[in-house]
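# Structural features, examined
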Amino acid sequence: MSSMSTWFVQRLIPNCFQRLRVQRRDLPERNITRLCDMYETLNNFIKNADWVAGNSVTLADLSLIPNITLAHHLLMAIDVQKYPNVIRWIKNAELLPFYYENTNYLTAITDFVHRPRTNKVKSVL
């Protein structure tokens, strides 16, 4: 699962943000395929469990929740019919007492993407 998360963070997010902010084009077909593959992999992985590593939340879930929910909210919604286990997993995550941090993250990213573009790039570091 870590390779999925790494790919998501290193390749898909920057590519999609560039397209959303600069060009406002549709996602390339290869990225749609990769998102579907990612959803399918997670859906199958959690088929018989509440969480990624079993029946209790672990660091694996905490590292994937922001990536998967960002993809769901901003890039391509998860098909409930195709990936019901992923939807169940997200609903379980929403019940966690610290899920509000993920909500703040999704809001910040969405605001960033929809903010009017300027030529100046501000560092967040």
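Above this text sits the structure in question.
Just so we're clear, the structure is a prediction, and the values are computed from it rather than from any experiment.

### Some details on the nonpolar core
The biggest cluster of nonpolar side chains holds 28 residues, and the ones touching the most others in it are L35, Y39, L42, I68, I78, V86 and W89. In terms of residues, this core owes the most to one element, helix α3 (residues 59–75), which gives seven residues.

### Observations regarding the environment of I90
With respect to the helices and strands, I90 occurs in helix α4 (residues 84–94). Looking at I90, the relative accessible area reads 6%, which means it is buried. In this structure, the C-alpha to C-alpha distance between I90 and I65, residues 25 residues apart in sequence, is 7.4 Å. Ignoring anything within four residues of it in the chain, the contact list for I90 reads I68, T69 and I78.

### Points about the packing of helix α2 (residues 29–45) against α3
α3 packs onto α2 with a crossing angle of 135° between their chain directions and a minimal axis gap of 12 Å. Taken together, the axes of α2 and α3 are oblique relative to one another. For the element pair α2 and α3, the recorded crossing hand is left-handed. From α2, L35, M38, Y39 and L42 reach across to α3, where they touch I68, A71, H72 and L75.

What counts and what doesn't
- Residues numbered from 1 in each chain as written.
- Predicted model: local features only at pLDDT ≥ 70, side-chain atom pairs only at ≥ 80, totals over all residues.
- Heavy atoms only, no water.
- Core = buried A, V, L, I, M, F, W, Y, C linked by side-chain atoms within 4.5 Å.
- Buried < 20%, exposed > 50% of the residue type's maximum accessible area, 1.4 Å probe, protein only.
- Helix = DSSP H or I, 4+ residues; strand = E, 2+ residues; numbered from the N terminus.
- Contact = heavy atoms within 4.5 Å.
- Axes fitted to C-alpha atoms, helices over the stretch in contact; angles between N-to-C directions.
- Parallel < 35°, antiparallel > 145°, perpendicular 65-115°, else oblique.
- Left-handed = near helix turned anticlockwise from the far one by under 90°.

Without other data, these values stay purely geometric and don't point to any function.
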